[in-house]
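Below, each chain spelled out in residue letters.
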Amino acid sequence: MRKGPSGYELLVFEHPLAGRQIPKGTIESGEDPSLAALRELEEESGIKAAGILSRIAKMEILRTTSLYPHKEVPRLESWHLYHLEVPQEVTTREHWVHAAEGSADEQGLPFAYFWFPIESSFESFEHYWHEVLLAVQKYCAGLSLSQSPTDAS
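Report follows, based on the coordinates. Everything numeric in this text was worked out from a predicted model, so none of it was measured.

We now examine the packing of aromatic side chains. Here the structure, examined in full by the defined rule, presents seven aromatic pairs. Ring centres of Trp96 and Tyr113 lie 5.4 Å apart, and the angle between their planes is 10°; this geometry places the pair in the stacked category. Placement of Trp96 in strand 6 (residues 95-99) and of Tyr113 in strand 7 (residues 110-117) is noted, with a sequence separation of 17 residues between them. One exposure class covers both Trp96 and Tyr113, and it is buried. The rings of Phe13, Trp96, Phe111 and Tyr113 are connected pair by pair, giving a single aromatic cluster. The ring centre of Phe125 lies 5.8 Å from the NZ or CZ of Arg20, which sits over that ring. The cationic tip of Arg93 hangs over the ring face of Trp96; the distance from NZ or CZ to the ring centre is 4.2 Å.

This is the structure:
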């Protein structure tokens, strides 16, 4: 997150096939969820986080949508949300495009990043994101606005 003119803003991107999202991905076999969060942020945004500030939540998300029709089956996923510390130059950029890395399904796709005011309407996100965004909103409500904005995702 970063502090914007009207409160906290969350780093989000427009996926060219799947709409608005936050950086996320699959935890590899044997990988700690916190390390997966750092790796996925770098693969999907090009940002190398300095570390984890705190864990926001762990939740179960039921997803029934997929980019790929052959994978279109309802599934329950465990999502781990972390507040990551990133270099200050990231929080001062307003928007950028990064070619995704890591996942064969997304390799090279252009992800268009920008900052989303966390108190805004979630209508521009798929419905399964709403619970995630509410958890981030609740987390932000517990943060003091006097804290440093050197954090993201």
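The next subject is the nonpolar core. Judged by nonpolar contacts, the single largest core of 25 residues is most densely connected at Met1, Leu10, Met59, Leu81, Trp129 and Val132. When residues of this core are traced back to their parent elements, those giving at least two are strand 2 (7-15), strand 4 (51-63), strand 5 (75-85), strand 7 and helix 3 (128-142). Leaving out residues up to four positions away in the same chain, Trp129 has contacts with Arg20, Gln21, Ile22, Lys24 and Trp79. By size, the runner-up hydrophobic cluster in this structure holds 16 residues, among which are Phe13, Ala37, Ala49 and Tyr113.

Residue position: Glu9 is located in strand 2. When its relative accessible area of 8% is taken as the criterion, Glu9 is described as buried. Residues within four places of Glu9 in sequence aside, it is in contact with Met1, Arg2, Gly4, Trp115, Phe116, Pro117 and Ile118.

Attention now moves to helix 1 (residues 33-45). When the terminal C-alpha atoms of helix 1 are compared, their 18 Å separation across 13 residues agrees well with the 18 Å that a helix rising 1.5 Å per residue should span. Contacts from the buried residues of helix 1 go to strand 2, strand 4, strand 5, strand 6 and strand 7.

A few words now on the pattern of salt bridges. This model, assessed by the stated rule, comprises nine salt bridges. Between Arg39 and Glu28 there is a salt bridge, and its shortest N-O distance comes to 3.6 Å. Highlighted residues: Arg39 in helix 1 and Glu28 in the loop between strand 3 (19-21) and helix 1, separated in sequence by eleven residues. Using a relative accessible area of 18% as the deciding quantity, one classes Arg39 as buried. Given a relative accessible area of 45%, Glu28 falls into the partly exposed group. For Glu43, the salt bridge is made with Arg39, and the minimal N-O distance between the two is 3.2 Å. Here Arg39 and Glu43 lie together in helix 1, a separation of four residues that amounts to about one turn. One network of salt bridges, with partners in common, ties together Glu28, Glu31, Arg39, Glu40 and Glu43.

So, how was this worked out
- Residues numbered from 1 in each chain as written.
- Predicted model: local features only at pLDDT ≥ 70, side-chain atom pairs only at ≥ 80, totals over all residues.
- Heavy atoms only, no water.
- Phe/Tyr/Trp six-rings, centres within 6.5 Å; stacked < 30°, edge-to-face > 60°.
- Helix = DSSP H or I, 4+ residues; strand = E, 2+ residues; numbered from the N terminus.
- Buried < 20%, exposed > 50% of the residue type's maximum accessible area, 1.4 Å probe, protein only.
- Lys NZ or Arg CZ within 6 Å of the ring centre and 35° of its normal.
- Core = buried A, V, L, I, M, F, W, Y, C linked by side-chain atoms within 4.5 Å.
- Contact = heavy atoms within 4.5 Å.
- Expected span 1.5 Å × (residues − 1).
- Salt bridge = Lys/Arg side-chain N within 4 Å of Asp/Glu carboxyl O.

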